[in-house]
Amino acid sequence: MASRKSSFKLLLPVFLLLLTAYSTFLEAKLANSGVKGFRVACNEEERAALLKFRQGLKDPYGQLSSWVGEDCCNWTGIGCSNQTGNVLKLDLSQPFSCVEKPTVATGGYIWACLLGGELDPSLLSLTYLNYLDLSYNNFQGIAIPSFLGSLKKLRGLLPDSLGSLQYLKTLRISQNALFGPLPTIVGNLSHLHVLDLSFNMMNGTIPESIGQLAQLNSLDLWGSSWEGIISEIHFSNLSLLAYLSLSSTNNSLVFHFSHEWIPPFTLYTLSISDCKLMNPRFPTWLRNQSFLYKITLSTVGISDTIPDWFWGKSPYPYWWGNVDLSNNQLRGQLPKLVNFAEGASVNLNSNSLEGSLPFWPNVTELALASNRFSGPIPLNIGQEMPNMNILDLSRNNLNGSIPSSIRKIPQGFGSLDKLETLDLSVNHLRGPIPISMTSMTALNNLNLSNNNLSGPIPSTNQFHTFIDPTIYEGNSGLCGPPLPTPCSTSNNEDPQPKEDAVEDEDESGKIWFYVSTALGFIVGFWAVFGSLVIKRPWTYAYFQFLDKLKVRLLLVTTRN
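What counts and what doesn't
- In this convention, every chain numbers its residues from 1, walking through the sequence in written order.
- Confidence filtering applies because this is a predicted model: local features only for residues at pLDDT of at least 70, side-chain atom pairs given and counted only at 80 or more, and all residues used for totals across whole chains, interfaces and linings.
- Heavy atoms throughout the structure, all of them, feed into the side-chain values; hydrogens and water do not.
- Only DSSP runs of H or I covering at least 4 residues are called helices, and only runs of E covering at least 2 are called strands; the numbering of each starts at the N terminus.
- Per-residue accessibility, obtained with a 1.4 Å probe over protein chains only, is compared with the maximum for each type, and a residue is labelled buried under 20%, exposed over 50%, and partly exposed between these values.
- In what follows, a contact means two residues having at least one pair of non-hydrogen atoms within 4.5 Å.
- Note on areas: Shrake-Rupley, 1.4 Å probe, and residue coverage restricted to the protein chains presented here.
- By disulfide we mean two sulfur atoms from cysteines, separated by a distance within 2.5 Å.
- The pairing criterion is simple: DSSP has to find at least two bridges between the two strands.
- Only the six-membered ring of Trp is used, alongside the rings of Phe and Tyr, when aromatic pairs are assigned; centres must lie within 6.5 Å, and planes under 30 degrees apart are stacked while those over 60 apart are edge-to-face, with the rest tilted.
- In this analysis the charged atom, NZ for Lys or CZ for Arg, is taken to sit over a ring once it is within 6 Å of the ring centre and within 35 degrees of the ring normal.
- Known as pLDDT, the predictor's per-residue confidence is scaled from 0 to 100.
- Between N or O atoms, a polar contact is any pair within 3.5 Å; within protein, one atom must be a potential hydrogen donor and the other a potential acceptor, and residues adjacent in sequence are included only when both atoms are from side chains.
- The span you would expect from a helix comes to 1.5 Å times its residue count less one.
- The directions considered for the arc run from the helix axis to the C-beta atoms.

Quick word on the overall build of the protein
Scanning the protein for helices and strands turns up 7 helices and 32 strands. Here the protein holds 560 residues, and 43% of them are scored as buried. Across the protein, the fraction of contacts at a sequence separation of at least 24, relative to all contacts at a separation of at least 6, is 55%. Total accessible area computed for the protein in this model is approximately 29,400 Å², and 56% of it derives from carbon and sulfur atoms.

This is the structure in structure tokens:
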């Protein structure tokens, strides 16, 4: 047994040496055959195709400088299959990599990141490509190349023969100044999940075949010159659609839905702008969009009241995160209570809404300009909306009375210490600018023009940075910098508005009422109780009376 153990100890180092040598040999063999660290190296044919594609691009600042070497899977923007080495992803988007560099030609600066040039059809050799993102570049003025439709497995792009990209899932070519129509054959991209053509120069009609993209989750056609009709057919099979964004720069796109239409999808985000509704009534098909969180329906020609169900139909305790219904002909009053999500933004500018101002908790950006709101600005605005960042109430009929015969800006504005933008221009506000507003140290945009304000303009904290006189113009009673009108000695005193004095008197009256009530109780109590303590006969008579009363009550209770 001892000799066997001794032999094993001698053979063990030899065995380990042979194992190490074999491993080294195997690694070298795999490297030569294309396998590197459990990942197959780039396909040589596809590598050559990428280099040819690069030759057609304009890359003056070397964004593709890493496109050298044998393994194209390590190049910038390239993603490969670990098992086969085929190129699956080509992402040349430049959303965050731009830097400004000086240019001698103009003496200014340019963005040193954008690719341009031509899109070479050598991409057809990337037969397994399923993700193509060329957004945020400068392929200015070129049409969507027709060869893209031949990329059989591409999951996101747009050419004339686009329908051949049967397996394409993601197509992003936003912000590229591409022009021309959207090919009808787009409906053949049966695996497409994301289609983003936003901010280009495309035009023409949107084909009805887009309604055949049953796997589509996100559709973004914002910012091109679309025209023609959008009907229910365009959405017939889009049951998975959750994000829809669409606008027309020439305002020539018309939505034609029946009043009874029930869409097959359930949206999370809806953005439609600069289009027309064939039916100007408020869209009833929104009623079944229970999970809608952000909505933009601006400049679409709605002429109606906002139905009650719009504000309150949701399975969540807090519904809206963003509402933009600006630039329509909406009328009626707004509800006093809406459960907005924390940090919500509301834009109802340029409508015909009326009544008193609504102040909704959790809303941080509220734009109600160019409507018909009237009445006072509530004194407790700071308590109701403490996290407000932007407040635009300009071009209304507000008067902010306290009491109703005296109009002013309420002192409560001073508690909006997170407010960054405040616009109260073109109303009927009167009185001084409250000195409490100087505590709004986050304020960087202010407009109080065209009211009836009076008194000195505050000059401390943020107010000393408001040097543009136009934000105070149209208030003949205001004085002091930046206006040319000097303040008199009396005006230079920090005024305590009469309304505040009345309020203080009311508070003092309440205090004295409570004090006098308490004193009256104390005096009355001791007047009776003290007499009973001092006068013993009165004490006996008083308790005898109570005993007799108790006996009589017991007798009455027993008889009944």
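Considering the state of the cysteines
What we call a disulfide is simply a covalent bond connecting the sulfur atoms of a pair of cysteines. Counting across every chain of the model gives 3 disulfides. At a sulfur-sulfur separation of 1.8 Å, the disulfide partner of C42 is C72. Here C42 and C72 share a disulfide; its torsion about the S-S bond, 80°, makes the bridge right-handed. With a gap of 30 residues between them, C42 in the loop between β2 (39-40) and α2 (44-55) and C72 in the loop between β3 (57-58) and β4 (78-80) connect regions that are remote in the sequence. Since its relative accessible area comes to 0%, C72 is described here as buried. What pairs with C479 in a disulfide is C487, and their sulfur atoms sit 2.0 Å apart. Between C479 and C487, the disulfide has an S-S torsion of 105° and is therefore right-handed. The pair C479 / C487 is uniform in exposure class, with both members buried.

A few points about the sheet that holds strand β32 (residues 477-479)
Spatial strand order, β29-β31-β32: 3 strands in an open sheet with parallel pairing. Two strands lie at the open edges of the sheet, namely β29 (430-431) and β32, each paired on one side alone. In this structure, β29 lies alongside strand β31 (residues 452-456), joined through 2 bridges in parallel fashion. Within β31, the residue paired with R430 across the bridge is N452.

Let's talk about the packing of aromatic side chains
Taken as a whole, this structure holds 20 aromatic pairs when the rule is applied. Between F310 and W311, the ring centres sit 5.1 Å apart and the planes meet at 80°, which makes this aromatic pair edge-to-face. The exposure class assigned to F310 is buried, which follows from its relative accessible area of 2%. You can call W311 buried: its relative accessible area is 7%. Through a chain of ring-to-ring contacts, three or more aromatic side chains come together here, namely F282, W309, F310, W311, W320, F340 and W360. A cation over an aromatic ring shows up here: K89 above the ring of Y131, its NZ or CZ 5.0 Å from the ring centre.

Overview of the sheet that holds strand β25 (residues 372-375)
Strand pairing in a sheet takes place through backbone hydrogen bonds and is either antiparallel or parallel in direction. The strand order across the open sheet formed by 4 strands is β21-β23-β25-β27, and the pairing between neighbours is parallel. Two strands lie at the open edges of the sheet, namely β21 (331-332) and β27 (397-398), each paired on one side alone. Note that strand β23 (residues 352-355) and β25 share 2 bridges and pair parallel. Paired with E354 across the bridge in β25 is R372.

A few points about unusual backbone geometry
Cis geometry marks the peptide bond from P481 to P482; its omega dihedral reads 10°. Mapped onto the elements of the fold, P482 is located in the loop between β32 and α5 (489-492). At N461, a position not held by glycine, the phi torsion is positive, near 50°. The residue N461 is located in the loop between β31 and β32 in this model. The exposure class assigned to N461 is partly exposed, which follows from its relative accessible area of 39%.

Re the confidence of the model for the protein
Of the residues in the protein, 68% reach a pLDDT of 70 or more, and the chain-wide mean stands at 77. Every residue in residues 103-111 scores below 50 in pLDDT, and together they form 15 contacts with partners more than four places removed in sequence or on other chains. Of the regions scoring below 50 in pLDDT, residues 401-406 engages in 8 contacts with residues more than four places distant in sequence or in other chains.

Overview of the pairing of strand β15 (residues 243-248)
Burial analysis of β15 places 5 of its 6 residues in the buried class, the great majority of the element. Bridging between β15 and strand β17 (residues 269-273) involves 5 bridges; their strand directions are parallel. The partner of S245 across the bridge, within β17, is S271.

Here's the deal with the side chain of E46
Note that E46 resides in helix α2. Note on E46: relative accessible area 3%, which makes it buried. A polar side-chain atom of E46 sits 3.2 Å from a polar atom in the side chain of N86. When sequence neighbours within four positions are dropped, the list of residues in contact with E46 reads G85, N86, V87, S125, L126, T127 and Y128.

A short note on α2
The terminal C-alpha atoms of α2 lie 17 Å apart, and with 12 residues this matches the ideal 16 Å at 1.5 Å per residue to within 8%. Those residues of α2 that sit buried are E46, R47, A49, L50 and F53. Angular distribution of buried residues about the axis of α2 spans 160°; they occupy a single face of the element. Facing away from the buried side of α2 by more than 90 degrees, the exposed set consists of E45 and Q55. Lining the buried residues of α2 we find β3, β4 and β5 (87-91). Capping of α2 at its N-terminal end is provided by N43; its side-chain oxygen lies 2.9 Å from the backbone amide nitrogen of E45.

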